[in-house]
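Tertiary structure, described
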Amino acid sequence: MNKRDARIGILFASPWILGFLIFLTYPLIASLVYSLTNFSILRPPKYIGFQNYRELFHDQVFYTSLSNTLLYVAGAVPLSTIVAIGLAMLLNTKVKGMSIYRTMFFLPTLVPMVALGTLFLWVFNGDYGLLNAAFHKVNVTPPNWLGDPTWAKWTLILISIWGCGQAMVIYLAGLQDVPVSLYEAADLDGAKAWAKTKSVTIPMISPVILFNVIMGIIGAMQIFAVPYVMFPGGAPARSTYFYTSYLYDNAFQYQRMGYASAMGWVLFAITITLTTIALKLSDKHVHYEAN
Amino acid sequence: MSQTNISRSQSLQNQKRFKIAAAHVALVLLSILFVLPLIWMLSTAVKPIGETMTTPPRWIPSQFLWGNFKDAIAYDSKELGYIPFLVYARNTIIITLLAVGGSVLSNAIVAYSFARIKWPGRDLFFSITLATMMVPFPVTMVPTFALFKWLGWVGTFKPLWVPAFFASAFSIFLLRQFYRTIPMELSEAAKIDGCSEFRIFTDVVAPLSRPALMVVALFTFMGAWNDFLGPLIYLVDQKTFTLSLGLQAYQSQHGGTQWNLLMAASCLVILPVIVVFFFAQKVFIQGIATSGLK
Amino acid sequence: MTLPNILGVTAAAIVLAGAAVLGDKVVSRQTRTDRVTVIYWEKWTGDEAKEMRKVVDAFNRSQDRIVVQYLSISGVDTKTMLATAGGNPPDVAGIWLENLYEFSDANALTDLKPMADAAGLDASYYIKNYYDPLTYNGGLWALPSTPASIALHVRPDLVPKEYSTPETFPKTIEGLDQMVDKISKKKDNGDLIMAGFLPSNPGWWNWAWGPYFGGSLFDGKNLTLDSKENVRAFDWVRTYAKRFGAKEVQSFQSGFGTFASPQDPFMEGKVATEMNGVWKANYIRVYKKGLPWFAVPFPYPEDRKDLEGHSNLSQDVLTIPRGAKHPKEAFEFIKFVQRQDVMEGLCQGHGKNSPLAKVSEHFFNTHQNTYIRLFDQLARSPKAFNPPAIGILPQVRDELNVAFQEVSTEQKKPDQALHDAQQRMDTLWATYKDQVLNR
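These numbers come from a predicted model, not from an experiment.

Here we come to the overall build of chain C. The secondary structure content of chain C amounts to 18 helices and 11 strands. Relative to the globule expectation of 22 Å for 439 residues, the C-alpha radius of gyration of chain C, 25 Å, shows essentially globular dimensions. Judged by the C-alpha coordinates and their principal axes, chain C covers about 80 × 65 × 55 Å. Of all 439 residues assigned to chain C, the portion counted as buried reaches 59%. Restricting the contact set of chain C to residue pairs at least 6 apart, pairs at least 24 apart contribute 75%. As displayed, chain C has an accessible area near 17,100 Å², and 53% of this comes from carbon and sulfur atoms. When the 50 positive and 52 negative side-chain charges of chain C are each reduced to one mean point, those points stand 3 Å apart.

What follows is about the overall build of chain A. Helices and strands together make up the secondary structure of chain A, namely 13 helices and two strands. Once the C-alpha set of chain A is aligned to its principal axes, its extents read approximately 75 × 70 × 30 Å. Put simply, chain A has 291 residues, and 61% of those count as buried. Sequence-distant contacts in chain A: of pairs separated by 6 or more residues, those separated by 24 or more amount to 66%. For chain A, the computed accessible surface area is about 12,200 Å², with 68% contributed by carbon and sulfur atoms. Within chain A, one finds 18 positive and 12 negative side-chain charges whose respective centroids are separated by 7 Å.

Where interface size is given, it is often the accessible area lost as the parts come together that is meant. The interface of chain A with chain B comprises 92 residues on the first partner and 95 residues on the second. Taking both partners together, chain A and chain B bury about 8,600 Å²; carbon and sulfur atoms supply 80% of that area. When the area that chain A buries against chain B is broken down by residue, the three leading residues are Phe 12, Trp 16 and Trp 122 of chain A, summing to 10%. The tally of links from chain A across to chain B stands at five residue pairs in polar contact (both at pLDDT 80 or more). The element best represented in the side of chain A that touches chain B is helix α1 (residues 3–34) of chain A, accounting for 22 residues.

Bringing the layout of surface pockets into the picture now. In this structure, the second largest pocket encloses a volume near 1,400 Å³. If you go around the second largest pocket, you meet 30 residues; those closest to its centre are Tyr 183, Asp 187 and Lys 196 of chain A together with Lys 16 and Lys 19 of chain B. Of all the secondary-structure elements, those providing two or more residues to the lining of the second largest pocket are α3 (60–91), α8 (165–176), α9 (180–188) and α10 (193–221) of chain A together with α1 (3–45) of chain B. No other element matches the nine residues that α1 of chain B contributes to the lining of the second largest pocket. Residue composition of the lining of the second largest pocket, by class: 13 nonpolar, nine polar and eight charged.

Time to look at the packing of helix α4 (residues 98–106) of chain A against α8 of chain A. All names here are of chain A. Put simply, α4 and α8 touch, their axes get as near as 8 Å, and they point 145° apart. For the pair α4 and α8, contact is made by Met 98, Arg 102, Phe 105 and Phe 106 and by Gly 165, Gln 166, Met 168, Val 169, Leu 172 and Gln 176, respectively. When its residues are assigned to classes, the contact of α4 with α8 shows six nonpolar, three polar and one charged.

Let's shift gears to a nonpolar patch on the surface. Taken together, the side chains of Ile 39, Trp 59, Ile 60, Phe 64 and Trp 66 of chain B present a nonpolar region at the surface, about 550 Å² in accessible area. By the element assignment, Ile 60 of chain B lies in the loop between α1 and α2 (67–73).

All right, on to the interface of chain A and chain C then. At the interface, 35 residues of chain A touch 34 residues of chain C. Each partner contributes to the roughly 3,000 Å² buried at the junction of chain A and chain C, and carbon and sulfur atoms together form 48% of this total. Of all residues in chain A, Leu 42, Arg 43 and Tyr 254 of chain A bury the most surface against chain C, accounting for 22% of the area lost on that side. The tally of links from chain A across to chain C stands at two salt bridges. Of the charged contacts in the structure, one is a salt bridge between Arg 238 of chain A and Glu 399 of chain C, with a shortest N-O distance of 2.9 Å. At the boundary of chain A with chain C, the tally comes to seven residue pairs in polar contact (both at pLDDT 80 or more). Listing elements by their share of the side of chain A that touches chain C, those giving two or more residues are α2 (51–57), α3 and α12 (243–253) of chain A. Tallied by class, the residues present in the side of chain A that touches chain C amount to 17 nonpolar, 11 polar and seven charged.

With that settled, the discussion passes to the pattern of salt bridges. All names here are of chain C. Across all of its chains, the model carries 30 salt bridges over all chains by this definition. Between Asp 316 and Lys 43 there is a salt bridge; the shortest N-O distance is 2.9 Å. Of the two residues, Asp 316 sits in strand β11 (residues 313–319) while Lys 43 sits in the loop between β1 (36–42) and α2 (46–62), which places them 273 residues apart along the sequence. Relative accessible area serves as the criterion here: at 10%, Asp 316 is assigned to the buried category. Since its relative accessible area comes to 13%, Lys 43 is described here as buried. Arg 373 is the salt-bridge partner of Glu 361, the closest N and O atoms lying 3.3 Å from each other.

Residues and elements named next belong to chain C. Counting buried positions along strand β3 (residues 92–96) yields four of five residues, so the element is predominantly enclosed. Sheet topology places β1 next to β3; three bridges connect them, and they run parallel. When the sheet's bridge partners are listed, Trp 41 is paired in β3 with Ala 93. Two elements, β3 and β11, share four bridges in a ladder whose sense is antiparallel. From the neighbouring strand, Ala 93 faces β11, where its bridge partner is Thr 319.

To continue, consider empty space enclosed by the protein. The full count for this structure, using the stated rule, is five cavities of 30 Å³ or more. Size it by volume and the second largest cavity reaches roughly 220 Å³. Taken together, 19 residues make up the lining of the second largest cavity; nearest its centre are Tyr 254, Gln 255 and Arg 256 of chain A together with Tyr 432 and Val 436 of chain C. Taken together, the elements giving at least two residues each to the lining of the second largest cavity come down to α4 (100–105) and α18 (414–437) of chain C. Residue contributions to the lining of the second largest cavity peak at five residues, all from α18 of chain C. Considering only residue class, the lining of the second largest cavity consists of seven nonpolar, seven polar and five charged.

A separate point is the side chain of Gln 222 of chain A. Secondary-structure assignment places Gln 222 of chain A in the loop between α10 and α11 (225–230). Within polar-contact distance, the side chain of Gln 222 of chain A engages the backbone oxygen of Ile 218 of chain A at 3.2 Å. Residues within four places of Gln 222 of chain A in sequence aside, it is in contact with Thr 244 of chain A together with Pro 136, Phe 137 and Pro 138 of chain B.

Moving on, we come to the confidence of the model for chain C. Detailed reading of the predicted coordinates is not advisable wherever pLDDT is low. Looking at chain C as a whole, its pLDDT mean stands at 91, while 98% of the residues score no less than 70. What the predictor reports for the complex is a pTM of 0.83 with an ipTM of 0.78.

Right, let's talk about the pairing of strand β9 (residues 273–277) of chain C for a bit. Residues and elements named next belong to chain C. Among the five residues in β9, five count as buried, and that is most of the element. Across the two faces of β9 the burial is the same, with Thr 273, Met 275 and Gly 277 and Glu 274 and Asn 276 all buried. The pairing of strand β6 (residues 143–154) with β9 spans five bridges and is classified as antiparallel. Residue pairing in the sheet places His 153 in a bridge with Glu 274 of β9.

Here the focus is a positive patch on the surface. Taken together, the side chains of Lys 3, Arg 4 and Arg 7 of chain A together with Lys 118 and Lys 191 of chain B make up a positively charged region of the molecular surface. No other element matches the three residues that α1 of chain A contributes to the positive patch. With respect to the helices and strands, Lys 3 of chain A occurs in helix α1. A relative accessible area of 74% places Lys 3 of chain A in the exposed class.

What counts, and at which threshold
- Residues numbered from 1 in each chain as written.
- Chains lettered and ligands numbered in written order.
- Predicted model: local features only at pLDDT ≥ 70, side-chain atom pairs only at ≥ 80, totals over all residues.
- Heavy atoms only, no water.
- Helix = DSSP H or I, 4+ residues; strand = E, 2+ residues; numbered from the N terminus.
- Rg over C-alpha atoms; globule rule 2.2 N^0.38 Å.
- Buried < 20%, exposed > 50% of the residue type's maximum accessible area, 1.4 Å probe, protein only.
- Contact = heavy atoms within 4.5 Å.
- Areas by Shrake-Rupley, 256 points an atom, 1.4 Å probe, with all protein chains shown as cover.
- Lys, Arg positive; Asp, Glu negative; His and termini not counted.
- Charge placed at Lys NZ, Arg CZ, Asp CG, Glu CD.
- Buried area = accessible area lost by both parts, 1.4 Å probe.
- Polar contact = N/O pair within 3.5 Å; in protein donor to acceptor, adjacent residues only side chain to side chain.
- 1 Å grid on protein atoms, 1.4 Å probe; cavity = no way out; pocket = protein on both sides within 12 Å on 5 of 7 lines; lining within 4 Å.
- Points joined across faces, edges and corners; volume = space filled by probe spheres on them.
- Nonpolar A, V, L, I, M, F, W, Y, C, P; charged D, E, K, R; others polar.
- Axes fitted to C-alpha atoms, helices over the stretch in contact; angles between N-to-C directions.
- Patch = residues over 30% accessible without salt bridge, like charges linked within 9 Å, V, L, I, M, F, W, Y side chains within 5 Å.
- Salt bridge = Lys/Arg side-chain N within 4 Å of Asp/Glu carboxyl O.
- Pairing = 2+ DSSP bridges.
- pLDDT = per-residue confidence, 0-100.

Now the structure itself:
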């Protein structure tokens, strides 16, 4: 490593270094500082110590929005993962017209949030919706998707599964990297389909699974746009009021930026905790290729 | 060959054929399921308003109001007032163009530095970079807003594309993995020829990285085109809105919505993305595959 | 670098630079140098915007020192607050009365009292119920653009003959409920076909149910969300959830068309009565001319005849944010809007009543709303009420919306829902008083 290389290396990396300092380090520290103040953006921040955090821990809506978010993560991430892997495995069978199928599964992820939200307001509509029409055809009483506090969350989970195309594409790429020789060896051992999946496929793509699951958790924890459009105010009765919705309202509707910053840091702490748990669990189960 | 061997390979063949047929059936059913809501969107877009809400839902409109697409982008619709769809489209194109350009440029060069130049603290900093992907957007949202406010950029497009010129963790990660698959010998040969690091980057590595750069470009494009929270916070005057934000204008604030026009507008908004994706598909998949997210 | 590469990169650079410059042009606020430009942010779009633009044009034509630029801003209240914080506010901001108290507490508005008094725009010029809420903490924070009062709109062709005129329509809540039971139609499976009345339609004033039953929300010092009249109001809301079924109401309502179309539920006959504002007549005239309808004051509880003639009021207001570049010129425009002929023209165009104490006969005679005198009367009634003048009104309003939803979906009993709302708002109010008011 010579001096010239070091200089050029840092020079090339400088956009990111600057970006890292300006858009990440500074906001993180600033947000921590703001969280210790009462900051209503029209007046300079006033230091109030840990009062925001104390208030947060007594705030019913904080717990409601947090539990809504965690429930959503617990539902959306595993289900999307299973569906995405399943679809990728189907696509990996090298049937004809693969690129058409691939596009069709990927298409939903290209739809902007507002359009998605309003489209699904339609699909899940109690009287006129697509989904309930199907239910009525088979004479089953459908749940009240949009009006029932329990089912509203499931609506959002189903929508997230529908949007698993991005993860699916990454899984597909991972599957295509699995050496065929391993499958052939399993075949010779007389392994059936499920056994092959369990002992060859899953372990071989486990790093990809880990990556997608972590990205999935991080993304799901921040859900905002679709509920904003479909369930204003977290209707019905705050059952779809998520953490970021409450954070946004505090910052921009109620002018409580200090309080919102405290919420942001709590979210950060929870996200890191969940990610660390995922990583620790993965040590036992994830199989890495020798580099 | 003995009888048992022939029948064994036959049965394996039959198994394989059955599997492929089953896969076909599953794929057809599932892909229809996935695309169904979008077809519904298209069908609703061309319906007269009275047919958008019927029990049971109508798939085929009684008349195909292709004019709805024109109405959706018309400047002064009777029902909704002034919705400058084309203005929103122009704004979105400007912002997306800048974001994609900045993203490709900055990520290409930054990832190169992580992958192919040795400098002190490089690997530690890379781990930190990965860790930054864990920082949820809401945490930095408020101070970043305050920063842009201090710069006087709130109400302009700048907060939506300037950060793209400073690279992003995800794209750095993707590109770095890709660059590492390019043999160092190529760089070394160029060095012996007297090329500067920059020339190696532009003449040797970059041309080989097209698939991966396409992936970065495509992800950035989709992110910028569909971004909702950013424009919501930073754009003020209605004439500066983007499409994703402007679609909300079709949703009346006071209940009830011009559904068919909203769906028509949404179809128009999705169209460019679908077109871009369709043509870039192969390169895109190739890019992800070779970047090896492992 | 090879030549094609260099050309490609240069072309890309030019395109990007061009986009950046174009982007800046798009967002710039052009100002003229010959006249003072007053930037006016307003919430209205469509026809309502057209009416205000007429006023703006008239003002611009009437003198040559000032030119007002009208801009349609959605989310105008949030954006104004943020722009004021950023030191770059508009000169005139058209927000809602409901925003006034938090903006004033946050020191975001200019006190208009000195300028208004000098112009003769004092309490005697306006209807008391519209002027009083604009004064707060000793200052005058806004002047009206257009006001509104609310009444019950009725379809005489959908209610029984004995109730089909304003004089014979039930005056009490109990009478209304009985009628609703008689006329509402359902399918065999419980799906609603026509509802006599729905508290959740349009659902914009859930904070007002308590006051309609004689309750109050704020006594000037403390919040009183769970007072017994308020609980009684929500008990009454609950009867509608039981009467129709929460799920059925939600399904039914999600199929309603927009109010600016013939598919509006009242116009389509999906509801026989609807609580709505003075502007409703305008929409009926545009989208379903000839529709039979009349308006009556919202019913009162049997045992509270003292509440007769009540109505919840609202208004769109014009403010001058603190730090506006041209406050004096901004006030010139606001003063112009307050002129009787201008104000009446604007309100008439919007289909609303006028906030001024004096109203010309011409206004009443040529007004498109056949029931305009009723709405005017309701606005002047001593029983009319405004939203509570408290800085945390947005949160209170949201909390009461949640309580309403909890009661309508039968998740919580009314007293529980309001009690929870009270507790939460008490904590918030204490924090707000401590952090914002006691600085």
